[in-house]
Amino acid sequence: MHEPFRNEPFTDFSLAENVSAFRAALEKVQAQCGGTFPHVIQGEEEHSDQHFPSVNPADPQEIVGHFSDGDASVADRAIDAASTAFEEWQYTPVAERAEYLFQAAAEMRRRKHEFSATMVLEVGKNWAEADGDTAEAIDFLEYYARQMLRIADSSDQLVEYEGENNSLYYIPLGVGAVIPPWNFPNAIACGMTAAALVAGNTVVIKPAEQSPWIAYKICELFWQQGLPAGVLNYITGPGEVVGARMVEHPETRFVVFTGSREVGTEIYAKTANVEEGQRWLKRAILEMGGKDAILVDETADLAAAAEGIVTSAFGFQGQKCSACSRAIIVEQVYDEVQRLVLEKSQVLLMGAPEKGNEITVGPVVDRDALRKISGYLEIGRSEGELLLGGNAADADEEGYFVEPTIFGRVDGNARIAQEEIFGPVLALVPTKDFDEGLAIVNSTEYGLTGALYSQDPARLKRARREFHVGNLYFNRKCTGALVGLQPFGGFNMSGTDSKAGGPDYLLLFTQAKSIAERLPA
Ligand code: NAD
């Protein structure tokens, strides 16, 4: 019997022993850098002739690993392997499947700092953000294992009927294409994989090109627990080639994707096609972008609101789907909130996160991100008043750094207030009053997270109904959802509202089978 689920605690970096343990992990991971990694299909390593580098975004000359550059045929082989493995894996008892997750969680907990340090180097997370990412990965393993044990046999949820024995089982779907993003490279990759596996599906995972190393470590963790060959296959390469083939393959039964709106909607359309030889309707579990807002009214605790805005806007350089990129502030308190937000943002320290825990702002993930964000810095200059930052490095030698940037007095319909930027860029949007502010909140095509700072009970009540996002927070930041506490997923163009880390999530990876048996009279 397992203990009730509890969230993994975060590491306290004010303690010297934790700082030195994390430094030691960084050194260990730095010494591992530069390896060459294969695809792993049916438990066999497959090296490709071509490789692509995964680099440290704070120092792009530093290659953390070389990864096999796959093509469509690699995806075909991996899906064939997963398809064969499904024949047995689907009948593996649920308790046994759950045990793989419990064991993987225990092992990841033992190597916690190593997993976090890998993210510091591969995607430029600061220590606390990396630690939170690993804690969330452990949470997903622990939580989904328990949830699957709970839902697998749901017969006790049915009503009694005399003379009949009725049962309801949640059985697996088949081969899952797992396509994660780079921004929560441990938590999301691990969570989506764990959910698919514990529900009895087999998996082909193709990590984002920016974070293949951490994904390899996750897979290794599962393989080391003795997962049968072919149940979890790892392949790498360009999303538009390898990922696209995984989505199109007729043996793929479902796609679980987290990433941009652009790719997500493309996958949505493709999964609707019935390919030749396909015997099912593919399921698409899609989590996409956000344009998340924090609304502050004149009754709010303004210092707390400013703190929430700054943390939500600049945590992991604004590269969270939940990041606050619009602060909508009632005019009466606008100047004071702007002053406080600036004061709190000016003390952020930018640098290479491997240097130490005092670094709060690291690099953005790659050159493409740098270019895209730089474009928005230009747009912002014409749409608002530049209050802070506004500069980005322009050479690979410098690392992909973008200063935390704030534009003041931006119109709610401006591009920087409507489009997902995915970088450390915050628009402050003044609004006449709460009513108008709520309308601005709901004016984008997204609906992922949001927060309201207000002390007015009637407004909080109204926001419960009318602030249209999948994850709504009152008087706290709009990032940092915890597994089991705040099931995570968005509305509208933010995705299919799959609610990762919630009690319904695993149902998406299963199909329900009802069995009725007439009993002898
Ligand atoms: P992305 O869409 O560029 O890539 C995501 C994944 O899709 C990667 O593995 C990529 O290789 C793959 N891919 C790319 N083209 C593909 C194609 N044609 N077919 C199949 N796969 C393809 O996104 P990203 O830059 O990795 O991540 C950032 C985005 O993710 C942001 O928009 C962010 O808001 C979103 N995100 C959403 C959530 C959420 O829970 N809603 C969480 C994290 C990130």
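Residues numbered from 1 in each chain as written. Predicted model: local features only at pLDDT ≥ 70, side-chain atom pairs only at ≥ 80, totals over all residues. Heavy atoms only, no water.

## Points about the overall build of the chain
- A tally of helices and strands in the chain yields 14 helices and 21 strands.
- Computed over its C-alpha atoms, the radius of gyration of the chain comes to 23 Å, within 12% of the 24 Å expected for a compact globule of 521 residues.
- With respect to the three principal axes, the spread of C-alpha positions in the chain is 75 × 60 × 50 Å.
- Here the chain, with 521 residues, has 58% of them falling under the buried criterion.
- Nonlocal contacts in the chain, meaning residues at least 24 apart in sequence, comprise 76% of its contacts between residues at least 6 apart. (Helix = DSSP H or I, 4+ residues; strand = E, 2+ residues; numbered from the N terminus. Rg over C-alpha atoms; globule rule 2.2 N^0.38 Å. Buried < 20%, exposed > 50% of the residue type's maximum accessible area, 1.4 Å probe, protein only. Contact = heavy atoms within 4.5 Å.)

## Focus: the packing of helix 3 (residues 94-110) against helix 6 (residues 187-198)
- Running from N to C, helix 3 and helix 6 cross one another at 155°; their axes reach a closest spacing of 9 Å. Looking at the two axes, helix 3 sits roughly antiparallel to helix 6. Contacts from Arg97, Ala98, Leu101 and Met108 in helix 3 reach Cys190, Ala194, Leu197 and Val198 in helix 6. (Axes fitted to C-alpha atoms, helices over the stretch in contact; angles between N-to-C directions. Parallel < 35°, antiparallel > 145°, perpendicular 65-115°, else oblique.)

## What to know about the sheet that holds strand 18 (residues 449-453)
- Taken together, the seven strands give an open sheet; going across it, the order is 14-15-16-13-12-18-19, and neighbouring strands pair in mixed fashion. Edge positions in the open sheet fall to strand 14 (385-388) and strand 19 (471-474), since each of these has one partner strand only. For this sheet the average axis-to-axis angle between neighbouring strands, irrespective of direction, equals 20°.
- As judged from the four bridges shared by strand 18 and strand 19, these two strands associate in the parallel manner. Each bridged residue has a counterpart across the sheet, and for Thr449 the counterpart in strand 19 is Asn471.
- Along the sheet, helix 10 (residues 302-314) contacts strand 12 (292-296), strand 13 (324-330), strand 15 (405-408), strand 16 (425-431) and strand 18; its crossing angle with strand 12, the most-contacted strand, is approximately 170°. (Pairing = 2+ DSSP bridges.)

## Topic: the layout of surface pockets
- Considered as a void within the structure, the second largest pocket measures approximately 990 Å³ in volume.
- Lining the second largest pocket are 50 residues, and of these Glu129, Phe184, Lys320, Gly480 and Ala481 lie nearest its centre.
- For the lining of the second largest pocket, the element with the highest residue contribution is helix 5 (residues 127-151), accounting for nine residues.
- Partitioning the lining of the second largest pocket into residue classes produces 28 nonpolar, 13 polar and nine charged. (1 Å grid on protein atoms, 1.4 Å probe; cavity = no way out; pocket = protein on both sides within 12 Å on 5 of 7 lines; lining within 4 Å. Points joined across faces, edges and corners; volume = space filled by probe spheres on them. Nonpolar A, V, L, I, M, F, W, Y, C, P; charged D, E, K, R; others polar.)

## Regarding the side chain of Glu107
- For Glu107, the position within the fold is in helix 3.
- Side chain to side chain, Glu107 and Arg110 meet in a polar contact 3.0 Å long.
- With residues near it in sequence (within four places) discarded, Glu107 still touches Leu221 and Gln225. (Polar contact = N/O pair within 3.5 Å; in protein donor to acceptor, adjacent residues only side chain to side chain.)

## Focus: the sheet that holds strand 1 (residues 35-37)
- In spatial order, the strands read 1-5-4; together these three strands make up an open sheet with mixed pairing. Of all the strands in the sheet, the pair left with one neighbour each is strand 1 and strand 4 (51-56). Direction aside, neighbouring strands of the sheet carry axes that sit 35° apart on average.
- The sheet contact formed by strand 1 and strand 5 (residues 59-68) spans three bridges and is parallel. The residue of strand 5 that forms the bridge with Gly35 is Gly65.

## Section: the environment of Glu331
- Checked against the element boundaries, Glu331 lands in helix 11 (residues 331-346).
- Glu331 gets classed as partly exposed once you look at its relative accessible area, which sits at 36%.

## Quick look at the nonpolar core
- Formed by 107 residues in total, the largest nonpolar core has its most connected members in Leu141, Tyr144, Phe222 and Phe509.
- When residues in this core are grouped by element, the largest group, eleven residues, is from helix 5.
- Here this core gathers at least three residues from each of two domains, domain 1 (30-288 + 498-514) and domain 2 (292-482).
- The residues touching Phe509, leaving out its near neighbours within four places in the chain, are Pro172, Leu173, Met192, Ala195, Ala196, Ala199, Asn201, Phe254, Val256, Arg283 and Ile285.
- Counting residues in each nonpolar core, the second largest holds 29 residues, with Ile294, Leu342, Ala451 and Cys478 among its members. (Core = buried A, V, L, I, M, F, W, Y, C linked by side-chain atoms within 4.5 Å. Domains from an automatic or database assignment.)

## Comments concerning the packing of helix 13 (residues 434-441) against helix 14 (residues 457-466)
- One can describe the packing of helix 13 onto helix 14 by two numbers: an axis separation of 12 Å at closest approach and a directional angle of 25°. When the axes of helix 13 and helix 14 are compared, the pair comes out roughly parallel. Considering the relative orientation of helix 13 and helix 14, their crossing is right-handed. The segment helix 13 lies against helix 14, with Phe434, Asp435 and Leu438 engaging Arg459, Arg462 and Glu466.
- Here the residues of the contact of helix 13 with helix 14 are counted per class, giving two nonpolar, no polar and four charged. (Left-handed = near helix turned anticlockwise from the far one by under 90°.)

By themselves, these observations are geometric and do not establish any function.
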